[in-house]
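# Report on the structure
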Amino acid sequence: MTTYLSTFTAGLGVPARRALEERLPGVRIELELDGLIVYEAGGETAAICNLPFFNNSFVVLKTFPGLRPERGKEILDEMLAATLRDADLPRSIPGRLKGTFRLVTAWSNVLTAVDRDLLEKVEARIAASGPPGRLRPHRGRPAHELWLSYRSEGHGFLLLRLTRHTAYEKVLEKGELRPELAWMLCWLSEPREGELVLDPFCGSGAIPLLRASRVAQFPRGLVLASDLDAAQVEKLKTRVKHADLRRRVVVRQGDARHLSRYEDGSIHKIVTDPPWGIFRELEEGPETFYREVLAELGRVLAPGGLLVILLARPDFPLPLPITLEVVESWPILVSGKKAVVHKLRKPPGTAGVPPAC
Ligand SMILES: C[S@@+](CC[C@H](N)C(=O)[O-])C[C@H]1O[C@@H](n2cnc3c(N)ncnc32)[C@H](O)[C@@H]1O
């Protein structure tokens, strides 16, 4: 068994734990903090790297017991000094680790500068932990990263980073959801084989593309994507074509307040990320906009169907129509901004659920 630490969207602790237990049966959870989970698991490390709802995953090499909470940044220098004195350090560094590495220091999730001399001494000590030349400190683009990390709840870790994510700011379109969050929204909708899934505010298509392309993680379904913005729609059509997903994603232009092409109760799931009304004001104000949108989504949703919706205004009282009820809500942080995920259901018992396609 190995102890791992993974980070995820702050606020989604309960669903992240459920998703982890579902995907790694037998996992033993050791610690849960906001946006972070420590757990013991057997099997291949590759399985941890491939968990699609985590931002980053690490192997825990050491913990620092007895740290007080809410310590200032000087705690990192104290942790470095303790690492330097630690007679056990060579045994904590995995024997298979070879090549270049650097030690990164993080205080409450923020990369933080520390006493350079001390840092280099600890790096030299780590390099000396194996046969000469096996591990070499390199601050440029090393093969491995070790992290010395302090969390303000009073926890400290020496970690080996497993995942290296793409620099999302370079590959994602403006406003496009990060894949980990889009994955979690899709998973919260309890995907089923053959269902009709709608994203009526699809933008650049993070949700529809992910729901349709992760065939090993989500059962097949037909995804209907629409957006008011004609340029976004054309761009997404091209992405769908290039990803060879034309049989699984249908893209159309449309206003989410008037989904007249869909009959009452015809859609099994809706997963969506409507405009936040922050960068550009919603014409008639958020109250009217969301009342109209939710009434229309409640109309097209099948009885028993689910709507998972991400909103940027956590305190905004949802103008819920009688066709929808709240199942669960999670206040979250998206790029440091407060938001909320609501899971809503259309109560079963109204006229017939459409047969799966
Ligand atoms: C927050 S963005 C969605 C971003 C998307 N999840 C992504 O990953 O790119 C909201 C989208 O809603 C669209 N929109 C705004 N008003 C709309 C309306 N009345 N009906 C449909 N789409 C609308 C905008 O054009 C924008 O693309």
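What you see is a predicted model, and the numbers here were worked out from it, not measured in a lab. (Residues numbered from 1 in each chain as written. Predicted model: local features only at pLDDT ≥ 70, side-chain atom pairs only at ≥ 80, totals over all residues. Heavy atoms only, no water.)

Another aspect to go through is the packing of helix α3 (residues 74-85) against helix α5 (residues 116-127). The geometry of a pair of packed helices is captured by two quantities: the angle between their axes and the separation between those axes. For the pair α3 and α5, the least separation of the axes is 9 Å and the interaxial angle reads 30°. In terms of orientation, α3 lies roughly parallel with respect to α5. α3 and α5 meet at a crossing whose hand is left-handed. Together, Asp-77, Leu-80, Ala-81, Thr-83, Leu-84 and Arg-85 of α3 and Leu-118, Leu-119, Lys-121, Val-122 and Arg-125 of α5 make up the contact between the two elements. A per-class count over the contact of α3 with α5 returns six nonpolar, one polar and four charged. (Axes fitted to C-alpha atoms, helices over the stretch in contact; angles between N-to-C directions. Helix = DSSP H or I, 4+ residues; strand = E, 2+ residues; numbered from the N terminus. Parallel < 35°, antiparallel > 145°, perpendicular 65-115°, else oblique. Left-handed = near helix turned anticlockwise from the far one by under 90°. Contact = heavy atoms within 4.5 Å. Nonpolar A, V, L, I, M, F, W, Y, C, P; charged D, E, K, R; others polar.)

For the rest of this paragraph, the subject is the nonpolar core. Leu-20, Tyr-39, Leu-146, Met-184, Leu-185, Leu-310 and Ile-332 are the most contacted members of the largest nonpolar core, which has 76 residues in total. Top element by residues in this core is helix α7 (residues 179-188). It accounts for eight residues. Apart from the residues within four sequence positions on either side, Ile-332 is in contact with Thr-9, Ala-10, Gly-11, Leu-12, Leu-181, Leu-310, Lys-337, Lys-338, Ala-339, Val-340 and Val-341. (Core = buried A, V, L, I, M, F, W, Y, C linked by side-chain atoms within 4.5 Å. Buried < 20%, exposed > 50% of the residue type's maximum accessible area, 1.4 Å probe, protein only.)

Moving on, we get to the sheet that holds strand β14 (residues 301-311). Overall, mixed pairing links the seven strands, which are arranged β12-β11-β10-β13-β14-β16-β15 in an open sheet. Looking along the sheet, the strands with just one partner apiece sit at the ends: β12 (249-253) and β15 (325-334). With strand direction ignored, the average angle separating the axes of adjacent strands in the sheet is 15°. In the sheet, strand β11 (residues 221-227) pairs with β12 via five bridges, with the strands oriented parallel. Bridged to Val-223 within β12 is Val-249. (Pairing = 2+ DSSP bridges.)

Taken together, 22 residues lie near the ligand, and Leu-177, Ser-204, Asp-227, Ala-256 and Asp-273 sit nearest. One of the backbone nitrogen or oxygen atoms of Leu-177 is found 2.9 Å away from an oxygen atom of the ligand. A distance of 3.0 Å separates a nitrogen atom of the ligand from a polar atom in the side chain of Asp-255. For the ligand, whose accessible area on its own is 600 Å², the fraction buried by protein is 86%. Among the residues making up the shell around the ligand, the classes are represented as 10 nonpolar, six polar and six charged. (Near = heavy atom within 4 Å. Polar contact = N/O pair within 3.5 Å; in protein donor to acceptor, adjacent residues only side chain to side chain. Areas by Shrake-Rupley, 256 points an atom, 1.4 Å probe, with all protein chains shown as cover.)

Turning our eyes to something else, we now look at α5. Taking 1.5 Å of rise per residue, 12 residues should cover 16 Å, and α5 covers 16 Å from first to last C-alpha, within 8% of that figure. Where α5 is concerned, the buried positions are Leu-118, Leu-119, Val-122, Glu-123, Ile-126 and Ala-127. N-cap assignment for α5: the residue whose side-chain oxygen lies 3.0 Å from the backbone N of Asp-117 is Asp-115. (Expected span 1.5 Å × (residues − 1).)

Moving on, we come to the layout of surface pockets. It is a probe the size of a water molecule, rolled over the atoms, that shows where empty space is left. The computed volume of the second largest pocket comes to approximately 210 Å³. Around the second largest pocket sit 13 residues that line it, and Leu-172, Glu-176, Pro-179, Leu-210 and Arg-239 are the ones nearest its centre. Elements represented by at least two residues in the lining of the second largest pocket include exactly α7 and α8 (206-213). By residue number, the principal contributor to the lining of the second largest pocket is α8, which donates four residues. Among the residues making up the lining of the second largest pocket, the classes are represented as eight nonpolar, one polar and four charged. (1 Å grid on protein atoms, 1.4 Å probe; cavity = no way out; pocket = protein on both sides within 12 Å on 5 of 7 lines; lining within 4 Å. Points joined across faces, edges and corners; volume = space filled by probe spheres on them.)

Let us now look at the domain arrangement of the protein chain. Here the protein chain is described as being made up of domain 1 (2-161) and domain 2 (172-345). Counting residues at the interface gives 16 residues for domain 1 and 14 residues for domain 2. Both sides of the domain 1 and domain 2 interface together cover about 1,300 Å² of buried area, and 64% of this is carbon and sulfur. Our count for the domain 1 to domain 2 interface comes out at one salt bridge. For Arg-18, the salt bridge identified is with Glu-328, shortest N-O distance 3.0 Å. Seen at the junction of domain 1 and domain 2, the total is three residue pairs in polar contact (both at pLDDT 80 or more). Here the residues of the side of domain 1 that touches domain 2 sort into nine nonpolar, four polar and three charged. (Domains from an automatic or database assignment. Buried area = accessible area lost by both parts, 1.4 Å probe. Salt bridge = Lys/Arg side-chain N within 4 Å of Asp/Glu carboxyl O.)

Looking now at unusual backbone geometry. In this structure, Asp-244 takes a positive phi of about 55° despite not being glycine. With respect to the element layout, Asp-244 can be found in the loop between α9 (230-242) and β12. For Asp-244, a relative accessible area of 67% gives the class exposed. Positive phi, normally seen in glycine, also occurs at Ser-335, with a value near 50°. Relative to the elements of secondary structure, Ser-335 occurs in the loop between β15 and β16 (337-345).

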